[in-house]
Amino acid sequence: RKEVEQDPGPFNVPEGATVAFNCTYSNSASQSFFWYRQDCRKEPKLLMSVYSSGNEDGRFTAQLNRASQYISLLIRDSKLSDSATYLCVVNEAGAQKLVFGQGTRLTINP
Amino acid sequence: DAMVIQNPRYQVTQFGKPVTLSCSQTLNHNVMYWYQQKSSQAPKLLFHYYDKDFNNEADTPDNFQSRRPNTSFCFLDIRSPGLGDAAMYLCATSRDYLAGNNEQFFGPGTRLTVL
């Protein structure tokens, strides 16, 4: 079983739609959680951290469910510029590395 | 204002011919990482340096080596590239180990082609 699993997609949605991604992680000791965004042939960039209470940044909402070991990302009012691959990332407390999911590819259509 | 710089952006090498990829950072971060990312796959950590301390991942082939001569620079050496080593190689830095939400900053990557 992969440490971090995501639906690879692709997700194709019209502009303005709401889209949600889920991610599951296998290590219950994981303590920190992130969503990274990666554009085609570019490097990953931090989109947002995910906090236990859930957090929002503009059109983006991230939630964490520790009991079920999953993380979600909700994008509201999607824009063409949201087209990218979204990587779910976790790390254990005190661990020296991040573990990346495979990524979910999203295409927003005009 | 580039913070993590990788050179070259594209590298072509021949099967078995040693190749070196370079990474430099202007952030004065303690930790530097090297990842391998193949198409439609997650970035896979090869190794990292905390300052001068080298930390190898258990499943990183011996074919991959690294050097960090100073805080700013880190090199990835592939001693005998095989066709399966064609990938994007990403360098990243973080100020310290991932306590709390310490962010990793990635360079633009070097895309390696092996002929």
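On a predicted model such as this, the values are computed, not experimentally measured, just so you know. (Residues numbered from 1 in each chain as written. Chains lettered and ligands numbered in written order. Predicted model: local features only at pLDDT ≥ 70, side-chain atom pairs only at ≥ 80, totals over all residues. Heavy atoms only, no water.)

Novice: I'd like to hear about the pairing of strand E6 (residues 53-56) of chain B, residue by residue, with values.
Specialist: All names here are of chain B. Pairing of strand E5 (residues 44-50) with E6, which is carried by 4 bridges, proceeds in the antiparallel orientation. The residue of E6 that forms the bridge with Tyr-50 is Asp-53. In sequence, E5 turns back onto E6 through a hairpin of 2 residues, with Asp-51 there showing a positive phi of about 55 degrees. (Pairing = 2+ DSSP bridges. Helix = DSSP H or I, 4+ residues; strand = E, 2+ residues; numbered from the N terminus.)

Novice: Describe in detail the pattern of salt bridges, supporting the description with residues and values.
Specialist: Residue and element names in this part refer to chain B. Taken as a whole, this structure holds 7 salt bridges over all chains when the rule is applied. Here Arg-67 and Asp-77 are joined by a salt bridge, their closest N and O atoms 2.7 Å apart. Pair noted here: Arg-67 is in strand E7 (residues 64-67) and Asp-77 is in strand E8 (residues 73-78), with a separation of 10 residues, a long-range link. (Salt bridge = Lys/Arg side-chain N within 4 Å of Asp/Glu carboxyl O.)

Novice: Describe in detail the state of the cysteines, supporting the description with residues and values.
Specialist: Residues and elements named next belong to chain A. All told, the structure shown has 2 disulfides over all chains when counted by the stated rule. Shown here is the disulfide that connects Cys-23 with Cys-88, its sulfur atoms set 2.0 Å apart. Negative torsions about the S-S bond denote left-handed disulfides, and the value of about -75 degrees found for Cys-23 with Cys-88 makes this one left-handed. Of this pair, Cys-23 sits in strand E3 (residues 19-25) while Cys-88 is found in strand E9 (residues 84-92), placing the two residues 65 residues apart along the sequence. The burial state of Cys-23 is the same as that of Cys-88; both residues are buried. (Disulfide = S-S within 2.5 Å. Buried < 20%, exposed > 50% of the residue type's maximum accessible area, 1.4 Å probe, protein only.)

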